[in-house]
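Architecture and fold: a report
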Amino acid sequence: SQTIHQWPATLVQPVGSPLSLECTVEGTSNPNLYWYRQAAGRGLQLLFYSVGIGQISSEVPQNLSASRPQDRQFILSSKKLLLSDSGFYLCAWSSGQGANEQFFGPGTRLTVL
Amino acid sequence: AQSVTQLGSHVSVSEGALVLLRCNYSSSVPPYLFWYVQYPNQGLQLLLKYTSAATLVKGINGFEAEFKKSETSFHLTKPSAHMSDAAEYFCAVTRSSGNTPLVFGKGTRLSVIA
């Protein structure tokens, strides 16, 4: 069966510090991968998605970036965090076939102080 | 372009009462539709999905949803609410062809009163 991991689970960072969140998927090959953010009291915002290694689509311009160095690894980064980057970050994967339903990881709670 | 509208950001029901969460979609092509549930500080869990096989879809935890093309709706129901149903619910849509991300609604928070 497939499993998706995210770490860290929680993170508290000062403004201006760098960020690296990691997501890995097990039990599948060539998945589509996604990064979402949930700000307090708001819905899901799609940040990036990838249909293959090195292929990244950015949905919202901001000070975040994503990379996919391996087939089942997706990394969300920032060089300098802003207060507005605080939120709950969710990684998801899908097969890219059929209904293409997405399966979500447990999330990372980021607080920028 | 596709979109989803969830009517009511917050719904409150009594334990044992009917749960009805509303979702209307917009799509220029035949859609696939989904309902997800999110408990506090957790990821989203797929409740059910519509992929054109049957208009009435049954999911986990006693939930079901009916696809109504004429009304462009995909409302989520459960006959009898349980305290454990308290969570955030998201409706989502995607194209039935092509490899595109799901488009999510803004969510509905369900509260269950004892």
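Higher on the page you've got the structure.
Just so we're clear, the structure is a prediction, and the values are computed from it rather than from any experiment. (Residues numbered from 1 in each chain as written. Chains lettered and ligands numbered in written order. Predicted model: local features only at pLDDT ≥ 70, side-chain atom pairs only at ≥ 80, totals over all residues. Heavy atoms only, no water.)

**Things to note about the nonpolar core**
Soluble, globular proteins show a tendency: their nonpolar side chains are buried together. Trp35(B), Leu48(B), Leu76(B) and Tyr89(B) are the most contacted members of the largest nonpolar core, which has 26 residues in total. Elements supplying a minimum of two residues to this core: β2 (10-14), β3 (19-26), β4 (31-38), β5 (44-50), β7 (64-68), β8 (73-78), β9 (87-95) and β11 (108-113) of chain B. Grouped together as the second largest cluster of nonpolar side chains are 20 residues, Leu11(A), Trp35(A), Ala66(A) and Val112(A) included. (Core = buried A, V, L, I, M, F, W, Y, C linked by side-chain atoms within 4.5 Å. Buried < 20%, exposed > 50% of the residue type's maximum accessible area, 1.4 Å probe, protein only. Helix = DSSP H or I, 4+ residues; strand = E, 2+ residues; numbered from the N terminus.)

**Re the interface of chain B and chain A**
Each side of the interface is counted separately: chain B has 19 residues, and chain A has 21 residues. Between chain B and chain A, the buried area comes to about 1500 Å², and carbon and sulfur atoms account for 57% of it. In terms of surface lost to chain A, no three residues of chain B exceed Leu44(B), Asn99(B) and Pro101(B), which account for 32% of the buried area on that side. Joining chain B to chain A, the criterion identifies one salt bridge. Between Glu101(A) and Lys49(B) there is a salt bridge, with its nearest N and O atoms 2.4 Å apart. Summed over the shared surface of chain B and chain A, the number is six residue pairs in polar contact (both at pLDDT 80 or more). If you list the elements that add at least two residues to the side of chain B that touches chain A, you get β4, β5 and β9 of chain B. Examining the composition of the side of chain B that touches chain A, we find that four residues originate from one element, β4(B), more than from any other. Tallied by class, the residues present in the side of chain B that touches chain A amount to nine nonpolar, eight polar and two charged. (Contact = heavy atoms within 4.5 Å. Buried area = accessible area lost by both parts, 1.4 Å probe. Salt bridge = Lys/Arg side-chain N within 4 Å of Asp/Glu carboxyl O. Polar contact = N/O pair within 3.5 Å; in protein donor to acceptor, adjacent residues only side chain to side chain. Nonpolar A, V, L, I, M, F, W, Y, C, P; charged D, E, K, R; others polar.)

**Some words on the sheet that holds strand β1 (residues 3-7) of chain A**
Residues and elements named next belong to chain A. Strand order across the open sheet formed by four strands is β1-β3-β8-β7, with antiparallel pairing between neighbours. With one partner strand each, in any of the chains shown, β1 and β7 (64-70) form the two edges of the open sheet. Direction aside, the axes of adjacent strands within the sheet are offset by 20 degrees on average. Looking at chain direction, β7 and strand β8 (residues 73-78) are connected through five bridges and run antiparallel. Across the sheet, the residue bridging to Ser-65 is Ser-77, located in β8. (Pairing = 2+ DSSP bridges. Axes fitted to C-alpha atoms, helices over the stretch in contact; angles between N-to-C directions.)

**Considering unusual backbone geometry**
Of note, the bond from Trp7(A) into Pro8(A) is cis; its omega dihedral lies within 30 degrees of zero at 0 degrees. Unlike most non-glycine residues, Asn61(B) shows phi in positive territory, near 60 degrees. Structurally, Asn61(B) is set in the loop between β6 (56-58) and β7. Exposure remark for Asn61(B): the relative accessible area of 41% places this residue in the partly exposed category. Phi angles above zero are rare outside glycine, and Thr72(B) is one such case at about 45 degrees. Residue placement: Thr72(B) occurs in the loop between β7 and β8.

**Re the sheet that holds β6(B)**
All names here are of chain B. The strand order across the open sheet formed by five strands is β1-β3-β8-β7-β6, and the pairing between neighbours is antiparallel. The open sheet has two free edges, formed respectively by β1 (3-7) and β6, since each of these has just one partner strand. Between one strand and the next, the sheet's axes are offset by a mean angle of 20 degrees, whatever the strand orientation. In the sheet, β6 pairs with β7 via three bridges, with the strands oriented antiparallel. Bridging across to β7, Leu-56 finds its partner in Glu-66.

Remember, this is a structural readout, not a statement about activity or role.
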